[in-house]
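# Analysis of the macromolecular model
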Amino acid sequence: MRRHNLALVMNLIARSAPVSRVEVAERAGLTKATVSALVTELISAELVRDLGPAPGRAPGRPAGRLVLDPYGPVAMGLQFGADFAAAALLDLSGRPLARHVRRFDVAAVPAAEGARAARPVLRRLFEEATLAGRLVAGIGITVGGTVSPGPRGRPVVTWAPALRWRDVDVIGLVSAQLRELDLHGLDVRLAGEVACAALAEYQAGAAGDWLYLGGEDVIGLAPLNPDLTLAGDLGHVPVRRRGEPCPCGNRGCLDRYAGRAAMAAAAGLAGPGPSRLLGNEDAVTGLIRRGDPAAHRARDAAADALADALVPVRALLAPDTVVLGGRLGAFGEPLRRRVQDRLPGLVLRQAKLGADAALHGAAGSVIARVIADPLTWIDG
Ligand SMILES: [Zn+2]
C-alpha cells in the first residue's frame with residue numbers, strides 16, 4: 001500500500017508540478033494527512049522539494065508548491081554511434097545538466113572494445129555528478145538497432161547495422177566498464193534509439209494516439225505512450241519491388257532510400273559523414289542548404305519512399321498523428337510537406353527534440369522508473 005501510494009503521489013507531482021498537497025490529495029483520492037506523510041517521505045529522500053508559497057500570493061493559509069527535487073538524484077543516458085560514445089546527465093524533471101561526447105570509431109572495433117570507449121565519458125560524468133553532490137539513479141543505454149530479450153533475461157542488441165553489432169550483451173559490457181571505475185550496483189538498462197527518442201518526446205509533452213518516427217542510424221516507429229513497448233523497424237519495410245538489395249536479406253527496404261548512408265550516396269557523397277551528436281549538421285542537409293540538386297533529389301526520393309512505407313502503417317495502426325523526429329525530422333518542412341501531401345488526413349508534425357533525443361530518452365527511462373516506483377530508490 002505504501003509503495004502504491006508513494007508511486008501515486010510521485011506521479012501526480014511529476015505530471016502537475018508545481019502542485020499543492022491539497023491538490024495532490026484531491027487527485028489521488030487520499031486524505032490530506034496521508035498525502036502529507038507521503039510527501040514528507042519523498043522530500044527526505046530528495047525526490048520532491050517544496051518551493052514554499054507562490055510569491056505575491058494573497059495572505060491566508062500558505063500552500064506549498066511541490067516539484068520534483070532539482071537537486072535530487074540524476075539519471076545518465078549513454079549512447080553508442082558508429083563514430084562516438086556520448087553520455088548525458090539529466091535531473092528528475094528531465095533537464096539536461098551535463099553532456100560529454102567522445103569521437104571514437106566504434107564501428108571499426110569489436111563490441112567489447114567499443115564499450116571500453118565509453119569509460120572516459122562515464123568517468124567524467126560520474127565525477128561531475130559527485131562534485132555536484134548528486135547520486136546517479138541509474139544508466140540508460142541506447143544504440144541504433146534492434147533490442148530483444150536475451151538469454152540471461154536482460155535485453156541485448158540483436159542487430160545494430162551502423163555499429164556492426166550482432167547479439168551483443170551491451171548491459172554486460174557497460175557493467176564491466178562500471179566495475180573498472182569502481183561503480184557497483186547501479187540500475188543499468190537498454191533500449192533502442194527510436195524507443196528512447198519517443199520516450200524523450202513524450203516526456204517533453206507529446207502524447208496521444210500518436211506514433212513517433214525517428215532515429216539517427218536507423219528509421220523506426222514507436223508509440224508516444226510509454227506503456228506500449230511496440231517498436232517498429234520501419235527502415236526494413238520493403239517499399240520498392242525489385243529494389244536495391246539490403247543487408248537484412250530483403251530488397252527495396254526504406255533504409256535503401258531514406259537511410260543515412262543511402263541518402264549520402266544518392267547525393268554523391270563518399271560516406272554519411274560525422275554523426276549529428278558530434279555537433280555536425282547531417283552531410284546531406286548541408287548540401288541541400290547550399291542548393292545542391294543531387295541532394296535535393298535524394299531528399300525528395302527519401303520523402304516518397306517514406307510516404308510509401310507509411311501507407312501500410314496508417315492502414316494497420318490508424319494513428320491520429322505521426323511525429324517526425326531524428327535525422328529525417330531535421331530535413332524540416334520540405335520533407336515533411338512532401339510526405340504529408342501523399343497522406344492527406346494524417347497529421348504529420350515535427351518533433352520538439354533534436355539529435356540528443358535518444359540520449360535524453362535513455363536517461364529518461366531511468367527517471368521513469370524512479371517516478372513509477374520511488375520506494376525501490378528510497379530503500380535501495
Ligand atoms: Zn532491409
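Quick caveat: nothing in here was measured; it's all calculated off a predicted structure. (Residues numbered from 1 in each chain as written. Predicted model: local features only at pLDDT ≥ 70, side-chain atom pairs only at ≥ 80, totals over all residues. Heavy atoms only, no water.)

You can read the domains of the chain as domain 1 (2-68), domain 2 (74-195 + 358-379) and domain 3 (206-351). Taking the mean C-alpha position of each, domain 1 and domain 2 sit 31 Å from one another. Counting residues at the interface gives 13 residues for domain 1, matched by 12 residues for domain 2. Here domain 1 and domain 2 share an interface that buries about 1100 Å² over both sides, 71% of which is from carbon and sulfur atoms. Sorting the residues of domain 1 by area buried against domain 2 places Arg3, Leu47 and Leu68 first, and these three jointly supply 46% of that buried surface. Where domain 1 meets domain 2, there are one salt bridge. The interface formed by domain 1 and domain 2 holds two residue pairs in polar contact (both at pLDDT 80 or more) in total. At the level of secondary structure, the elements contributing two or more residues to the side of domain 1 that touches domain 2 comprise helix H1 (2-16) and helix H3 (32-44). Here the residues of the side of domain 1 that touches domain 2 are counted per class, giving eight nonpolar, one polar and four charged. (Domains from an automatic or database assignment. Contact = heavy atoms within 4.5 Å. Buried area = accessible area lost by both parts, 1.4 Å probe. Salt bridge = Lys/Arg side-chain N within 4 Å of Asp/Glu carboxyl O. Polar contact = N/O pair within 3.5 Å; in protein donor to acceptor, adjacent residues only side chain to side chain. Helix = DSSP H or I, 4+ residues; strand = E, 2+ residues; numbered from the N terminus. Nonpolar A, V, L, I, M, F, W, Y, C, P; charged D, E, K, R; others polar.)

On to the coordination of the zinc ion, then. Geometrically, a metal with four donors at the corners of a regular tetrahedron has ideal angles of 109.5 degrees, and one with six donors at the corners of a regular octahedron has ideal angles of 90 or 180 degrees. For the zinc ion, the full set of protein donor atoms is His236 (ND1), Cys246 (SG), Cys248 (SG) and Cys253 (SG), and the range of their distances to it is 2.0 to 2.3 Å. Written as a sequence motif, the donor residues of the zinc ion are H-x9-C-x1-C-x4-C. Taken as a pair, His236 in the loop between strand E12 (220-223) and helix H8 (255-258) and Cys246 in the loop between E12 and H8 lie far apart in primary sequence, 10 residues in all. Each member of the pair, His236 as well as Cys246, is classed as buried. (Donors = N, O, S within 2.8 Å, 3.2 Å for Na, K, Ca; no water. Buried < 20%, exposed > 50% of the residue type's maximum accessible area, 1.4 Å probe, protein only.)

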